[in-house]
Amino acid sequence: MSTPTQAPITFDLKPSAHALPDAEREARLADPGFGRIFTDHMVTIRWTEGRGWHDAQLTPYAPLEIDPANMTLHYGQAIFEGLKAYRQADGSIATFRPEANAERFQASARRLAMPELPVETFVEAVELLVQQDQAWVPNQAEQSLYLRPFMFATEAALGVRPANSYLFMVIASPAGAYFPGGVKPVSVWLSEDYVRAAPGGTGAAKCAGNYAASLVAQAEAAAKGCDQVVWLDAAEHKWVEEMGGMNLYFVVGEGENATVVTPELSGALLPGITRDSLLTLADDLGYRSEERKISTEEWKQGNADGTITEVFACGTAAVITPVGHVKSAAADWTVANGEPGPITMQLREALLAIQGGQRPDTHHWLHKIV
Ligand SMILES: *Cc1c(COP(=O)(O)O)cnc(C)c1O
């Protein structure tokens, strides 16, 4: 959907004359939680058929006006990304692999028949917002500024077809430590009644509808006393795919002979950037890694005979979260002794240390902003 008429995309900076006073911002940063408070600014870029991307702006954070016939409300062309800006040990600020988010955003756009934002424009939009709202990047360990780029249709019309206009935005929300009281394993429910994604569907796209479709399964998991859903493949309900918003890893074996195994990208699971980074990091730390199919039966058996020693979930929001207990309609087991495993915690520390600038960034994953 690139347009031959695309003019260079330049940002108009219109910062707020009424940014939150320092004392009030500091009060909000004291206990930010997740996704509850937002910074002073936002970035918007419009796309119109025949014209391409235009009206790139940084403006004060403000509500939008939406026409009742806005096509997103009816047909759901909506995609998003999630990445974080981290305060570095020297006080500077960096994001982690933002080009990877930009490329995944393009892939999501293609799947939903939406226009593709150039990678450099996506990264520039993130940079401008973080520069402007840099005082909102927390200083505390494991805290960060969560960035939410997203795009949706803006055309007001009924009729199932790609819209002729879109709005890309970036907003930012300070995020507290995911586990303020120390890392705590989650319990998971193997969903056999509901399916997240099927071959040929939208499972590999970060599109809004995937999450709407997951909510009843998450409610079912909660009703079974579990924290999270684990999705299985659509055809056989046998192969482990991922969690609600995180990918999964299995540790097979122990110590220096351990192999970390993650379900292969089937087209139905979301290609996480954390998942991808951990394949490299595991290798750096001397572990073998494998991307392959893993069944619920292998998980259960491997747990019983001790070959599967640790299981964890990974994603930008929660970094690495150990899985401590598994339940399904037919079975129920504790992963090893139910405590966070040593390789899980080693990978978690190593990734956090790279993101925070305390460990050498040998793969050039950090993108310095200020
Ligand atoms: C975003 C997301 C992930 C994790 O991706 P990261 O790039 O590591 O944050 C995993 N699964 C789903 C369904 C997601 O939406």
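Residues numbered from 1 in each chain as written. Predicted model: local features only at pLDDT ≥ 70, side-chain atom pairs only at ≥ 80, totals over all residues. Heavy atoms only, no water.

As recorded in an unreviewed UniProt entry, the protein goes by the name Branched-chain-amino-acid aminotransferase, listed as coming from Kitasatospora cheerisanensis KCTC 2395. According to its UniProt record, the protein has this under Cofactor (unreviewed entry): "pyridoxal 5'-phosphate". The Sequence similarities (unreviewed entry) comment attached to the protein in UniProt states, word for word, "Belongs to the class-IV pyridoxal-phosphate-dependent aminotransferase family." (UniProt positions renumbered as here; feature names shortened; annotations may be inferred.)

## Quick look at the overall build of the protein
The helix and strand inventory of the protein stands at 9 helices and 18 strands. In terms of overall dimensions, the protein is globule-like: its C-alpha atoms have a radius of gyration of 21 Å, near the 21 Å expected for 370 residues. By principal-axis analysis of the C-alpha atoms, the protein measures approximately 60 × 50 × 35 Å. When contacts within the protein are restricted to residue pairs at least 6 apart in sequence, those whose partners lie at least 24 apart make up 72%. When the accessible surface of the protein is totalled, it reaches about 16100 Å², and 52% of it is carbon and sulfur. Across the protein, 28 positive and 45 negative side-chain charges occur, with their mean positions spaced 2 Å apart. (Helix = DSSP H or I, 4+ residues; strand = E, 2+ residues; numbered from the N terminus. Rg over C-alpha atoms; globule rule 2.2 N^0.38 Å. Contact = heavy atoms within 4.5 Å. Areas by Shrake-Rupley, 256 points an atom, 1.4 Å probe, with all protein chains shown as cover. Lys, Arg positive; Asp, Glu negative; His and termini not counted. Charge placed at Lys NZ, Arg CZ, Asp CG, Glu CD.)

## Remarks on the site of the ligand
Inspection of the region around the ligand gives 15 residues, with K206, Y211, E242, T274 and T316 positioned closest. A distance of 2.3 Å separates an oxygen atom of the ligand from a polar side-chain atom of Y211. In isolation the ligand offers 380 Å² of accessible surface; the protein chains occlude 96% of this area. (Near = heavy atom within 4 Å. Polar contact = N/O pair within 3.5 Å; in protein donor to acceptor, adjacent residues only side chain to side chain.)

## A few points about the nonpolar core
Ranked by size, the top nonpolar core spans 44 residues in total, and within it L147, M151 and F168 carry the most contacts. Of all the secondary-structure elements, those providing two or more residues to this core are β2 (41-48), β3 (52-60), β5 (83-87), α3 (98-111), α4 (119-132), β7 (144-153) and β8 (165-175). Element by element, the count of residues in this core is highest for α4, at 8 residues. Apart from the residues within four sequence positions on either side, L147 is in contact with E81, G82, L83, K84, A85, T95, V126, L129, V130, I171 and A172. (Core = buried A, V, L, I, M, F, W, Y, C linked by side-chain atoms within 4.5 Å. Buried < 20%, exposed > 50% of the residue type's maximum accessible area, 1.4 Å probe, protein only.)

## Structural notes on the side chain of N70
Here N70 lies in the loop between β3 and α2 (71-75). Given the relative accessible area of 4%, N70 is considered buried.

## Here we look at the domain arrangement of the protein
The domains assigned to the protein are domain 1 (12-175) and domain 2 (186-355). For domain 1 versus domain 2, the distance between C-alpha centres works out to 28 Å. On the domain 2 side, the residues contacting the 20 residues of domain 1 number 21 residues. Carbon and sulfur atoms make up 57% of the area that domain 1 and domain 2 hide from each other, which totals about 1700 Å². On the domain 1 side of the contact with domain 2, F80, F96 and R104 bury the most area, a combined 33% of that side's loss. (Domains from an automatic or database assignment. Buried area = accessible area lost by both parts, 1.4 Å probe.)

## A short note on the packing of aromatic side chains
Counted according to the given criterion, the structure contains 13 aromatic pairs. Ring centres of W47 and Y166 lie 5.8 Å apart, and the angle between their planes is 55 degrees; on these two criteria the pair is classed as tilted. With W47 in strand β2 and Y166 in strand β8, this residue pair connects regions lying 119 residues apart in the sequence. Accessibility assignment for this pair places W47 and Y166 in one class, buried. Ring plane angle 15 degrees and centroid distance 6.2 Å describe the contact between F150 and F152, whose orientation is recorded as stacked. Residue F150 shares its accessibility class with F152, and that shared class is buried. Cation over ring: K293 sits above W239, and NZ or CZ is 5.0 Å from the ring centre. (Phe/Tyr/Trp six-rings, centres within 6.5 Å; stacked < 30°, edge-to-face > 60°. Lys NZ or Arg CZ within 6 Å of the ring centre and 35° of its normal.)

## Thoughts on the UniProt feature "modified residue: N6-(pyridoxal phosphate)lysine" (unreviewed entry) in the protein
Taking the numbering used here, the UniProt-annotated feature "modified residue: N6-(pyridoxal phosphate)lysine" (unreviewed entry) corresponds to K206. Looking at the element boundaries, K206 is found in the loop between β9 (186-191) and α5 (208-212). Once you skip the residues sitting within four places of it in the chain, K206 turns out to touch A78, I79, F80, E81, G82, R104, S108, Y211 and L270.

## Some thoughts on the pairing of strand β13 (residues 259-263)
Along β13, 5 of the 5 residues are buried, which leaves the element largely enclosed by surrounding structure. Here β13 shows no split at all, with T259, V261 and P263 on one side and V260 and T262 on the other all buried. Pairing of strand β12 (residues 247-252) with β13, which is carried by 3 bridges, proceeds in the antiparallel orientation. Of the residues in β13, the one forming a bridge with F250 is V261. If you look at the hairpin formed by β12 and β13, you'll find 6 residues sitting between the two strands, and G253 has a positive phi there, around 85 degrees. Taken together, the 5 bridges between β13 and strand β14 (residues 288-292) define a ladder with parallel strand orientation. Its bridge partner being in β14, V261 is matched across the sheet by E290. Note on the crossover from β13 through helix α7 (residues 273-284) to β14: the handedness is right-handed. (Pairing = 2+ DSSP bridges. Right-handed = clockwise from strand over helix to strand, strands pointing away.)

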